[in-house]
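What follows is the residue order along each chain.
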Amino acid sequence: MPENNMPESFVPLLSTHDWNEEWKQLQKARRQADDAAHWDERSKTFGISDAPNAYVRKFLELARIEPGETVFDMGCGTGALSLPLGQAGHKVVAADFSAGMLGVMEEQLEHRSITTVFPKQMSWEDDWASHGVRPGMVDVCVASRSIATADMKDSLLRLTDVARRRVCVTLATGSSPRTDERVLAAIGLQSVLGRDYLYAFNILANEGLMPEVSYIESTRSDSFDTADEAYQELARMVQDATGAFVAESVRRAALERLRDWLGENLVQNERAGEVDAKGRAAKRLRLRVPRSVTWAFVSWDK
């Protein structure tokens, strides 16, 4: 035994483990990431409310973007961040791989007479320089709920390279924002928690950066036209959340219990027909208790 009484085999995994390699393995075990065609199709159901929702307001508050600063919004979607930033007078390069999502944003830019947001169709994996996205191009980089890439380290360092002052991202604190862990527990399954933000934090720390973490709470009011639609959507959620980790026989038994659970937890939606923050009308049925999603807001200064 060494004089300091520390076992010779001790390895400090927190600082020596390759967190990005583990992230890559986790991504292989998860459901396949959605491609641009998926989001092009989804964009057809999207509208945008005039006022930013609570999540967007909190993100922008935590981002602390100063007046006149320029912004790169990667994975901008329909412009949840880019639109209010543009309205506030910031010059924003807004990139997404989905032409459909960018199209929705461009309609809103024209409708609101915003001229300082510049859409760019580009993926996380593309050669950014060939799209005109260069090192030190903007003051602040943001990526809201959009880092679902195969290589977390590459994504984080790309953003760091483009920003002159600050980077702000949000990542899931649980297995996935699509996963209702209450439902999994109720039907006898255990979610495999990814805790994406911990991978990001450890990767950044091991790169010599000093990330800070805050949290944003948001509520998801899932709604359905019929009980069968509710079952089909939640069954897909179960498959996505457990596909690589649970035996098929166990999952089939759990799905039988899902029908009973829905019988007790599906109720009439008193807000049916109302339009949500994304411009979608609420459906006839809802879960008795809306689910809460907690996002980790990870930021670092250069």
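Since we're looking at a predicted model, the values are computed, not measured. (Residues numbered from 1 in each chain as written. Predicted model: local features only at pLDDT ≥ 70, side-chain atom pairs only at ≥ 80, totals over all residues. Heavy atoms only, no water.)

Enquirer: Help me out: how do you make sense of the pattern of salt bridges in this one?
Expert: Should their charged atoms come close, side chains of opposite charge can pair. Tallying each qualifying case throughout the model produces twelve salt bridges. Measuring nitrogen to oxygen at the nearest pair gives 2.7 Å for the salt bridge that ties Glu69 to Arg165. In this pair, Glu69 is assigned in the loop between helix H4 (54-63) and strand S1 (71-74) and Arg165 in strand S5 (residues 163-172), connecting sequence segments 96 residues apart. The class of Arg165 is partly exposed, set by a relative accessible area of 24%. (Salt bridge = Lys/Arg side-chain N within 4 Å of Asp/Glu carboxyl O. Helix = DSSP H or I, 4+ residues; strand = E, 2+ residues; numbered from the N terminus. Buried < 20%, exposed > 50% of the residue type's maximum accessible area, 1.4 Å probe, protein only.)

Enquirer: Would you take a moment to explain the sheet that holds strand S7 (residues 223-224) for this structure?
Expert: Sheet strands pair via backbone hydrogen bonds, and the direction of the pair is either parallel or antiparallel. One open sheet holds the three strands; their spatial order is S7-S9-S8, and the pairing between them is antiparallel. Looking at which strands have only one partner, the edges of the open sheet turn out to be S7 and strand S8 (266-268). Note: S7 against strand S9 (residues 285-287), two bridges, orientation antiparallel. Each residue of the ladder has a partner; that of Ser223, found in S9, is Arg286. (Pairing = 2+ DSSP bridges.)

Enquirer: I'm lost on H4 in this one. Help?
Expert: A turn of α-helix holds 3.6 residues, and therefore any two residues three or four places apart point the same way. Among all positions in H4, only Tyr55, Val56, Phe59, Leu62 and Ala63 are buried. For H4, the buried positions fall inside an angular range of 135° around the axis, keeping them on one side. Taken together, the buried residues of H4 touch helix H5 (82-87), strand S4 (138-144), S5, strand S6 (212-220) and strand S10 (291-301). For H4, the N-terminal capping position is held by Asn53, with its side-chain oxygen 3.2 Å away from the main-chain nitrogen of Tyr55. Looking at the residues trailing H4, positive phi occurs at Arg64, about 55°. (Arc of directions from axis to C-beta. Contact = heavy atoms within 4.5 Å. Polar contact = N/O pair within 3.5 Å; in protein donor to acceptor, adjacent residues only side chain to side chain.)

Enquirer: Would you mind going over the sheet that holds strand S2 (residues 92-96) with me for this structure?
Expert: In spatial order, the strands read S3-S2-S1-S4-S5-S10-S6; together these seven strands make up an open sheet with mixed pairing. Each edge of the open sheet is held by one strand with a lone partner, namely strand S3 (117-121) and S6. For this sheet, the mean inter-axis angle between neighbouring strands, taken without regard to orientation, is 20°. One ladder, built from three bridges, connects S1 with S4; its direction is parallel. When the sheet's bridge partners are listed, Asp73 is paired in S4 with Val142. Against the sheet, helix H6 (residues 99-111) touches S2 and S3, its axis set at about 165° to S3. The sheet contacts of helix H7 (residues 152-162) involve S1, S4, S5 and S10, and relative to S5 the element is tilted by about 145°. (Axes fitted to C-alpha atoms, helices over the stretch in contact; angles between N-to-C directions.)

Enquirer: Explanation requested: the packing of helix H2 (residues 19-29) against helix H9 (residues 196-206) in the structure shown.
Expert: When two helices pack together, you describe them by how their axes are tilted relative to each other and by the distance separating the axes. Packing of H2 against H9 leaves a shortest axis separation of 9 Å and a crossing angle of 150°. Here H2 is positioned roughly antiparallel relative to H9, judged by the angle of their axes. The crossing of H2 and H9 is left-handed. On the side of H2, the interface is formed by Trp19, Asn20, Glu22, Trp23 and Leu26, while H9 contributes Asp196, Tyr199, Asn202, Ile203 and Asn206. Here the residues of the contact of H2 with H9 are counted per class, giving five nonpolar, three polar and two charged. (Parallel < 35°, antiparallel > 145°, perpendicular 65-115°, else oblique. Left-handed = near helix turned anticlockwise from the far one by under 90°. Nonpolar A, V, L, I, M, F, W, Y, C, P; charged D, E, K, R; others polar.)

Enquirer: Explain the packing of aromatic side chains here, please?
Expert: Taken as a whole, this structure holds eight aromatic pairs when the rule is applied. A ring pair is formed by Trp124 and Trp128, whose centres lie 6.0 Å apart and whose planes are at 45°; its orientation type is tilted. Using a relative accessible area of 8% as the deciding quantity, one classes Trp124 as buried. Among the residues examined, Trp128 registers a relative accessible area of 6% and is labelled buried. Between the aromatic rings of Tyr197 and Tyr215, the centroid separation amounts to 6.1 Å while the plane-to-plane angle is 85°, which identifies the pairing as edge-to-face. Remark: Tyr215 occurs in strand S6 and Tyr197 occurs in helix H9; sequence separation between them is 18 residues. A relative accessible area of 12% means that Tyr197 is categorised as buried. Accessibility expressed as a relative area gives 43% for Tyr215, which makes it partly exposed. Taken together through their ring pairs, the aromatic side chains of Tyr55, Phe59, Trp295 and Phe297 make up a single cluster. (Phe/Tyr/Trp six-rings, centres within 6.5 Å; stacked < 30°, edge-to-face > 60°.)

Enquirer: Quick question: what am I supposed to make of the packing of helix H10 (residues 227-242) against helix H11 (residues 248-265) here?
Expert: Remark: H10 packs on H11, axes separated minimally by 10 Å, with the N-to-C direction vectors making an angle of 145°. When you trace H10 past H11, the crossing you get is right-handed. Across the interface between the two elements, Ala227, Ala230, Tyr231, Leu234, Ala235, Val238, Gln239 and Thr242 of H10 pack against Arg251, Leu255, Leu258, Arg259, Trp261 and Leu262 of H11. Across the contact of H10 with H11, the residue classes break down as ten nonpolar, two polar and two charged.

Enquirer: What should I look at first to understand unusual backbone geometry in this one?
Expert: When glycine is set aside, most residues are seen to have a negative phi, and most peptide bonds are trans. Within the chain, Arg64 stands out as a residue other than glycine whose phi angle is a positive 55°. The backbone of Ser113 sits at a positive phi, close to 55°, despite the residue not being glycine. In this structure, Ser113 sits in the loop between H6 and S3.

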